[in-house]
Amino acid sequence: MSHQTLATMGSPPYQYILYELENGLARITLNRPKKKNAIKFEMMAEITNALKRAEKDENVVICMLTGAGDFYCSGNDLTNFQNPVGGSLEEGLKFGSELLENFLKAFIDFPKQLIVAVNGPAVGVAVTTLGLADVVYASDTATFETPFTTLGQCAEGCSSYTFSKIMGNSLASEVLYFGRKLSAQEAKSCGLISDVFPSSTFRDEVERRVRNYATLPPKTLMAAKKLCRDGERARLHQAVKSELETLNVLWVSEECMNGVMNFLMKKSKL
């Protein structure tokens, strides 16, 4: 897969996400509900494109990311490993690595306030990227899980840096090494998210808040985020680089191949 394709992949019209703009609020909805919003390579490129689109659009004050259906996002679609882009597994993994790096850079460098509305269970990269958002709200049906080790993988999404900073070393270790699943209330208690709402009122409550945020002075909001976030950005980019170096080794390991194969076999029996 050429760099040109990587650059153009994910451009509108979008196939796997919805992008809406209304009264200063850009809403990005992960839209593969039948697949629990699992992130295919193309979908990752679309989210990256949508974040850059919201960044450049002067009409956007606040950006919100959420999921369609009962799941927020079940993480990376592991069939990405079965169907490597570009032919060989090596080419596919190189392409996937660059795609993931661009995806994470879009979160790190996003200059406006990014709100995530976790409407249901979140897995893997859908959890780790919460540490890159400005505010996270969750439904009481949400859970947060990073089963990296059983899949022969490691922390990504800057979580090797952000999680211990957010929740302390001991809990971050349980979550990232041993796949401890957090409830919405546990995620709130440890600081990963800021508030939990009943699923019956979740979308209305979050919409009310973010619409209100979108009426605030946009240049002031951007200046405030720049002040609070600029000092961290170099450290976050370094975390992405370090994580990808480790992942690129693990992705071709026997443990990763076995972990992914076991997961896909279990899934096919469901």
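In case you missed it, the structure is sitting above this.
On a predicted model such as this, the values are computed, not experimentally measured, just so you know.

Caption draft 1: Main features of the pattern of salt bridges. Following the criterion strictly, the structure yields 19 salt bridges and no others. Its salt-bridge partner being Lys94, residue Glu98 comes within 2.8 Å of it at the nearest N-O pair. Note that Glu98 and Lys94 are positioned in helix 4 (residues 89–108) at a spacing of four residues, about one turn of the helix. According to the relative accessible area criterion, Glu98 is buried, its value standing at 19%. Look at Lys94 and you get partly exposed, because its relative accessible area is 48%. The salt bridge partner of Glu232 is Lys165, with a shortest N-O separation of 3.2 Å. Taken as a pair, Glu232 in helix 10 (residues 218–250) and Lys165 in helix 6 (residues 159–167) lie far apart in primary sequence, 67 residues in all. Given a relative accessible area of 53%, Lys165 falls into the exposed group.

Caption draft 2: Representation of the layout of surface pockets within the structure. A volume near 1100 Å³ is recorded for the largest pocket. In terms of lining residues, the largest pocket is bounded by 46 residues, among which Ser74, Asn76, Leu78, Leu151 and Phe263 are the most central. Of all the secondary structure elements, the ones that give two or more residues to the lining of the largest pocket are helix 2 (41–56), helix 3 (79–82), helix 4, strand 5 (122–123), strand 7 (143–145) and helix 11 (254–269). Residue classes in the lining of the largest pocket are distributed as 22 nonpolar, 14 polar and ten charged.

Caption draft 3: How the structure looks around the side chain of Lys112. Following the sequence through the fold, Lys112 ends up in the loop between helix 4 and strand 4 (113–118). No salt bridge is formed by the buried Lys112. Its closest oppositely charged neighbour is Asp57, at 6.1 Å. Only 2.7 Å separates the side chain of Lys112 from the backbone oxygen of Asp57, close enough to count as a polar contact. Within the structure, Lys112 has its side chain in polar contact with the backbone oxygen of Val60 (distance 3.1 Å).

Caption draft 4: Main features of the packing of helix 6 against helix 10. Closest axis-to-axis distance for the helix 6/helix 10 pair is 8 Å, and the angle between their directions is 125°. As judged from the angle between their axes, helix 6 and helix 10 are oblique. Within the contact between the two elements, helix 6 uses Ser159, Ser160, Tyr161, Thr162 and Lys165 and helix 10 uses Glu232, Arg235, Leu236, Ala239 and Glu243. For the contact of helix 6 with helix 10, the class distribution of residues is three nonpolar, three polar and four charged.

Definitions and cut-offs
- Numbers given to residues run from 1 along each chain, matching the order in which its sequence is written.
- Confidence filtering applies because this is a predicted model: local features only for residues at pLDDT of at least 70, side-chain atom pairs given and counted only at 80 or more, and all residues used for totals across whole chains, interfaces and linings.
- Side-chain numbers here rest on the full set of heavy atoms in the structure, without hydrogens or water.
- Think of a salt bridge as a Lys or Arg side-chain nitrogen and an Asp or Glu carboxyl oxygen that are within 4 Å of each other.
- By definition, any uninterrupted DSSP run of H or I lasting at least four residues is a helix, any uninterrupted run of E lasting at least two residues is a strand, and each is numbered from the N terminus.
- When a residue's accessible area, from a 1.4 Å probe over protein chains only, is under 20% of the maximum for its type it is buried; when over 50% it is exposed; and in between it is partly exposed.
- Both site types are read off a 1 Å grid over the protein atoms alone. A 1.4 Å probe that fits but cannot get out defines a cavity, while an open set with protein on both sides within 12 Å along at least five of seven lines defines a pocket; lining residues have an atom within 4 Å of a point.
- Grid points are joined across faces, edges and corners, and a volume is the space filled by probe spheres set on the points.
- Each residue is assigned to one of three groups, with Ala, Val, Leu, Ile, Met, Phe, Trp, Tyr, Cys and Pro labelled nonpolar, Asp, Glu, Lys and Arg labelled charged, and all others, Gly among them, labelled polar.
- Charge assignment in this entry is limited to Lys and Arg as positive and Asp and Glu as negative, and neither His nor the chain termini are counted.
- Pairing of N or O atoms within 3.5 Å defines a polar contact, subject to two protein rules: one partner must be a possible hydrogen donor and the other a possible acceptor, and residues neighboring in sequence count only if both atoms are side-chain atoms.
- A fitted line through C-alpha atoms serves as each axis, taken over the contacting stretch for helices, and the angle formed by two N-to-C directions is quoted from 0 to 180°.
- These descriptions rest on fixed angle ranges, namely under 35 degrees for roughly parallel, over 145 for roughly antiparallel, 65 to 115 for roughly perpendicular, and the rest for oblique.
- Every residue pair with non-hydrogen atoms within 4.5 Å of one another is taken to be in contact.

On their own, these measurements won't tell you what the molecule is for.
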